[in-house]
Amino acid sequence: MAKEFNIARLSSRCGTCDVELPAGSDVMATLTETKDDFVRTDYCQACWSQKPAGEGESEFFCTWQTRVPEPKARKKLFVDNDLLINFFERLAGAVEPAKVNFRFVLALVLMRKRLLVYGRSDRREDGSEVWHMVMKHTQAPHEVVDPKMDEAMIDQVSGQLGQILEGEL
Ligand SMILES: [Zn+2]
């Protein structure tokens, strides 16, 4: 079985000053890429604004503005489409099994939302199946490796995705 994503959501504390981030406060969420998974760190506005310009682009896999959810509301928040697209696009070319799985599940979610359109599939020389897809609003082509997950695995990966992004897909 492919290695599971190990997304560390350690605490709701700022990654720099360690101040507790209360529910309802605006924060900058970030994902840092490690060898085969991601670590999520949130920053308070004050610390984020002190980072040198452009650092957010280079240091992190992706960043997005969010609000610390109320504990009970956590499940009801929907993940922003732009964030899903950004994450999907940035995973292009990843070869680690966990990231391939993640990209595939994101493709399924984007298809369901009619943001990504399936074209056709074919086989690479190594035997893997590749889906040729098009992002609707830009018409940009995307190749997505089908990792041949069963339903249970898709559910699991999808759950991990919801956890890291803190919302419903
Ligand atoms: Zn801080």
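Analysis parameters
- Residues numbered from 1 in each chain as written.
- Predicted model: local features only at pLDDT ≥ 70, side-chain atom pairs only at ≥ 80, totals over all residues.
- Heavy atoms only, no water.
- Helix = DSSP H or I, 4+ residues; strand = E, 2+ residues; numbered from the N terminus.
- Contact = heavy atoms within 4.5 Å.
- Donors = N, O, S within 2.8 Å, 3.2 Å for Na, K, Ca; no water.
- Tetrahedral: all angles 85-135°; square planar, octahedral: opposite > 155°, others 65-115°.
- Pairing = 2+ DSSP bridges.
- Axes fitted to C-alpha atoms, helices over the stretch in contact; angles between N-to-C directions.
- pLDDT = per-residue confidence, 0-100.
- Buried < 20%, exposed > 50% of the residue type's maximum accessible area, 1.4 Å probe, protein only.
- Polar contact = N/O pair within 3.5 Å; in protein donor to acceptor, adjacent residues only side chain to side chain.
- Core = buried A, V, L, I, M, F, W, Y, C linked by side-chain atoms within 4.5 Å.
- Domains from an automatic or database assignment.

**A look at the environment of Val 27**
Thought 1: Mapped onto the fold, Val 27 is located in strand β1 (residues 26-33).
Thought 2: Separated by 13 residues in sequence, Val 27 and Cys 14 have C-alpha atoms that sit 8.5 Å apart.
Thought 3: For Val 27, the contacting residues outside a window of four places in its chain are Leu 21, Asp 42, Tyr 43, Gln 45, Trp 64, Gln 65, Thr 66 and Val 68.

**Quick look at the coordination of the zinc ion**
Thought 1: Taken together, the protein donors to the zinc ion comprise Cys 14 (SG), Cys 17 (SG), Cys 44 (SG) and Cys 47 (SG), at separations of 2.3 Å.
Thought 2: Between the four donor atoms coordinating the zinc ion, the angles at the centre fall across 102 to 117°, so the site counts as tetrahedral.
Thought 3: Sequence positions of the residues that donate to the zinc ion give the spacing C-x2-C-x26-C-x2-C. Here Cys 17 is found in the segment before β1, whereas its partner Cys 47 is found in helix α1 (residues 45-49), with 30 residues between them in sequence.

**Remarks on the sheet that holds β1**
Thought 1: As summarised here, the arrangement of the three strands in space is β2-β1-β3, forming an open sheet in which the pairing is antiparallel. Looking along the sheet, the strands with just one partner apiece sit at the ends: β2 (38-44) and β3 (62-67). The mean inter-strand angle of the sheet, taken between neighbouring strand axes irrespective of direction, is 25°.
Thought 2: Bridge count between β1 and β3: six bridges; the pairing is antiparallel. Across the sheet, residue Leu 31 finds its bridge partner in β3, namely Cys 62.
Thought 3: Strand contacts of helix α3 (residues 81-90): β1, β2 and β3, with the helix running at about 160° to β3, the strand carrying the most contacts.

**Quick look at the confidence of the model for the protein chain**
Thought 1: Confidence in the prediction for the protein chain averages 86 pLDDT; 86% of positions are at 70 or higher.
Thought 2: Low pLDDT, under 50, characterises residues 1-10; the stretch is placed with 28 contacts to residues that sit more than four places away or in other chains.

**Examining the side chain of Arg 40**
Thought 1: Inspection of the secondary structure puts Arg 40 in strand β2.
Thought 2: Here Arg 40 falls in the buried class, since its relative accessible area comes to 4%.
Thought 3: Polar contacts involving the side chain of Arg 40 include one to the side chain of Asp 42, which spans 3.0 Å.
Thought 4: At 2.5 Å, the side chain of Arg 40 and the backbone oxygen of Ile 164 are in polar contact.

**Examining the nonpolar core**
Thought 1: Core analysis: the biggest nonpolar cluster contains 33 residues, and Phe 87, Leu 161 and Leu 165 have the highest contact counts within it.
Thought 2: Those elements that provide at least two residues to this core are β1, β3, α3, α4 (97-112), β5 (129-135) and α5 (151-165).
Thought 3: Among the elements that take part in this core, α4 stands out by supplying seven residues, more than any other.
Thought 4: Among the domains, domain 1 (1-77) and domain 2 (81-163) are the pair contributing at least three residues each to this core.

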